[in-house]
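Residue-level structural notes
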Amino acid sequence: MKKFISRHESDAGIGQPAKNGGTWGDAFDLFVHYEHGGDFDAAVRAAGDMFTTTDPVTGEPVTITKLNQRQHMRGQDAGADPGADFGGTGIGNQNGPDPWEPIIPLDAMEVDRIDPDTLPGIIGEYAGAVARETETPLELAAGMLFVVIAACVQGFIKIMVKMGYSEPLAYWNWALMPPATRKSQIVKRSTAPLTEWERRQRAEMEPFIQTRRIDRENIQARIKALRTKYGKAKPDELEAIGDEIKDLENNLEPELVAPQIWAQDCTPENAGQIMARNDERLAFLGAEGGIVENLGGRYSNGTANLDLFLQGYSCEPVKVNRTTRDDIHMNTPTLSMGLMPQPDVMRGMAAKPEFKGRGFIGRPMYWLPESNLGSRTLDSEPIPERVKISYYQTIEKLLEIQPIEHPDGTTEPHTLSLSHEAFQEWKDFYMTIEHDLADGGRFEHCRDWAGKTSGRAARLAGLLHCAMNPVEPWRYPVSRETMEQALDITVVSISHALAVFNLMGADPAIESAGRVLKWIKRHRHQTFTKKQAFDALRGTFTRAAMLDEPFKVLAERNYIRAIEPEKGPGRPPEPFEVNPSVYGGE
């Protein structure tokens, strides 16, 4: 049996499943279901005599039926077909000359898809194979592979775009996907060679780790005994005991640990400790966004701790001094992230000023692909063994790369350069992005993110170049073809990023349109005027002109459309009619 639960808040949840197995609805849904046996048309006819609205021409309250009659007569006076409904209320006008187009939801934007041909070599082959095996969008596997490559080379290689300007190869890639979309399988297949490499390193180093641990424990025990002895020693014995303690402490070798390339979840403090032990590098790869919730203060009473991650993306020095933990000093930390959080995680981030105000959400490449849920067949084929071996070998070669070592013990990353043609392609792209950052431009509402787009594209070109040339990639300049591939992928990602920012309410026009739509639905307006909307929403829109942009958005998405006002003395009203599909009409 179908059940309805009426509620008084906004109608945003109408039609969504309720926890008790019913369906969220409103009073009119109940009216249709219980009073008219689910017959929507019959309910509409009855509602026409029962419910009132406002005549957009005269401003007086009238029943919906009466307004339909008046609009019909006005249509006849204006020369309309006498047999057609003029449709001022949007009810019963669907046989008229101007039918409604389908509604385009405010939180839905059309996004582009990656062209498989833009993914070079083994990266394209393996990403495609993973996507086919898991029956998931190509963007998920491709984005995760970008971060796997970054995990191998970040900190050891950088890309020089032009003299005086270079980018590290740390990379953040976030794909927003709902649960049950096989995200964990993508992470497992993408990180498999990293996991295998770490396992071998631990196995090879285990005897040495054990020996080092025993030696350290013995020396520490000796130092403890000497300190006890020092407290009871005679004055002429103190110097000798003190010197021995100093010698032991100076010769105490650091703890030996197996290298760790990547992690799934930890606190920001633990991340710093792991990086300090692993050449100041770390990558987070996971099917969820737990690390983001940790950064937002899950374990620190809601206090966000973003410094290490922001500095790790930009490769800036980190100096952390604490009384309860060891100090952490890093000169060139690099930190990458490949996450597939649920959309609600992004909404939660947008609600925290720290994430937006400090530029955290401006760093990732975003993806919001359409889920394959409901269309999967289980007829997929496993990843071909040849492709798997080639991918593993590529990652293994990249993991062998080491930084430049100087005689004084310091290190620095190798530098990738751009061919002249590659730089020209990148520069043209940069200028296009720069133009769109201006007031009124495409990226006006997300400048922080868009301003980093050219840098992300350069980083991606460097990663693709390394994947194509895993042995000493700095010996060859980044080609024009590789740069074009990186730019093509970046252009596709822009449509996804704009959809993500709309999801987070970052586009003021979309957000404002949503507020107007909630008002329309809450009062079940069939028609309304601009003055009505302004009077009701004056707390949000302080000037009537501020409604023009949200009205434009709602009209473009077929929620509302303007009605031609009746000619007469005085300033004519600005009436609109509402698409009946807003309330479930056909």
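Structural data are supplied above this passage.
All of these numbers come straight from a predicted model, not from anything done at the bench. Each chain has its residues counted from 1, following the order in which its sequence is written. With the structure being a predicted model, the display of local features is reserved for residues of pLDDT at least 70 and the display and counting of side-chain atom pairs for 80 or more, all residues being used for whole-chain, interface and lining totals. The basis for every side-chain value is the complete set of heavy atoms in the structure, and neither hydrogens nor water enter the calculation.

**Observations concerning the side chain of Thr136**
Relative to the assigned elements, Thr136 resides in the loop between α4 (121–134) and α5 (138–153). Any residue under 20% of the maximum accessible area for its type is buried, any over 50% is exposed, and the rest in between are partly exposed; the area is computed with a 1.4 Å probe on protein chains only. Here Thr136 falls in the buried class, since its relative accessible area comes to 6%. Polar contacts involving the side chain of Thr136 include one to the side chain of Thr134, which spans 2.6 Å. Contacts: residue pairs with any heavy atoms within 4.5 Å of one another. What Thr136 contacts, discounting residues up to four positions off in sequence, is Val130, Ala131, Thr181, Arg182, Ile186 and Asn372. Each helix is a run of H or I in the DSSP string that is no shorter than four residues. Each strand is a run of E no shorter than two, and both are numbered from the N terminus. Here a polar contact means two N or O atoms within 3.5 Å. Within protein one must be a hydrogen donor candidate and the other an acceptor candidate, and residues neighboring in sequence count only if both atoms are side-chain atoms.

**Examining unusual backbone geometry**
For residues other than glycine, phi is negative in most cases, and the peptide bonds are mostly trans. Here Cys315, not a glycine, exhibits a phi torsion of approximately 65 degrees, which is positive. Mapping Cys315 onto the fold places it in the loop between α10 (307–314) and β10 (318–320). For Arg524, which is not glycine, the phi torsion reads 50 degrees and is therefore positive. Checked against the element boundaries, Arg524 lands in the loop between α18 (508–522) and β17 (527–529). Judged by relative accessible area, which is 22%, Arg524 ranks as partly exposed.

**Some thoughts on the packing of α18 against helix α20 (residues 548–556)**
To get an axis, a line is fitted to the C-alpha atoms, and for a helix only the part in contact is used. The angle between two axes follows their N-to-C directions and goes from 0 to 180 degrees. Contact pair α18 / α20: the axes reach a minimum separation of 8 Å and the direction vectors enclose 80 degrees. The pairing of α18 with α20 is recorded here as roughly perpendicular in orientation. Mapping the contact onto sequence places Ala509, Ile510, Ser512, Ala513, Val516, Leu517 and Ile520 in α18 and Glu549, Pro550, Phe551, Val553 and Leu554 in α20. Its residues placed into classes, the contact of α18 with α20 shows ten nonpolar, one polar and one charged. In these notes the angle categories are as follows: under 35 degrees is roughly parallel, over 145 is roughly antiparallel, 65 to 115 is roughly perpendicular, and the rest is oblique. Side-chain classes follow a simple rule in which Ala, Val, Leu, Ile, Met, Phe, Trp, Tyr, Cys and Pro form the nonpolar group, Asp, Glu, Lys and Arg form the charged group, and the remainder, Gly included, forms the polar group.

**Considering the sheet that holds strand β6 (residues 165–168)**
DSSP-based pairing: two strands are paired if at least 2 bridges between them are found. Strands sit in the order β6-β5-β16 across an open sheet of three strands; the sheet is mixed. The open sheet has two free edges, formed respectively by β6 and β16 (414–417), since each of these has just one partner strand. Taken over all neighbouring pairs, the strand axes of this sheet differ in orientation by 35 degrees on average, direction set aside.

**Focus on the nonpolar core**
Note on terminology: a nonpolar core comprises buried Ala, Val, Leu, Ile, Met, Phe, Trp, Tyr and Cys residues joined through side-chain atoms within 4.5 Å. With 116 residues, the main nonpolar core has Leu194, Phe284, Phe309, Met337 and Phe360 as its most contacted residues. For this core, the element with the most residues is α5, which contributes 14 residues. In contact with Phe360, other than residues within four places in its own chain, are Trp172, Trp174, Leu295, Leu306, Phe309, Leu310, Met337, Met349 and Phe355. Counting residues in hydrophobic clusters, the runner-up holds 23 residues, among them Ala509, Phe534, Leu554 and Val578.

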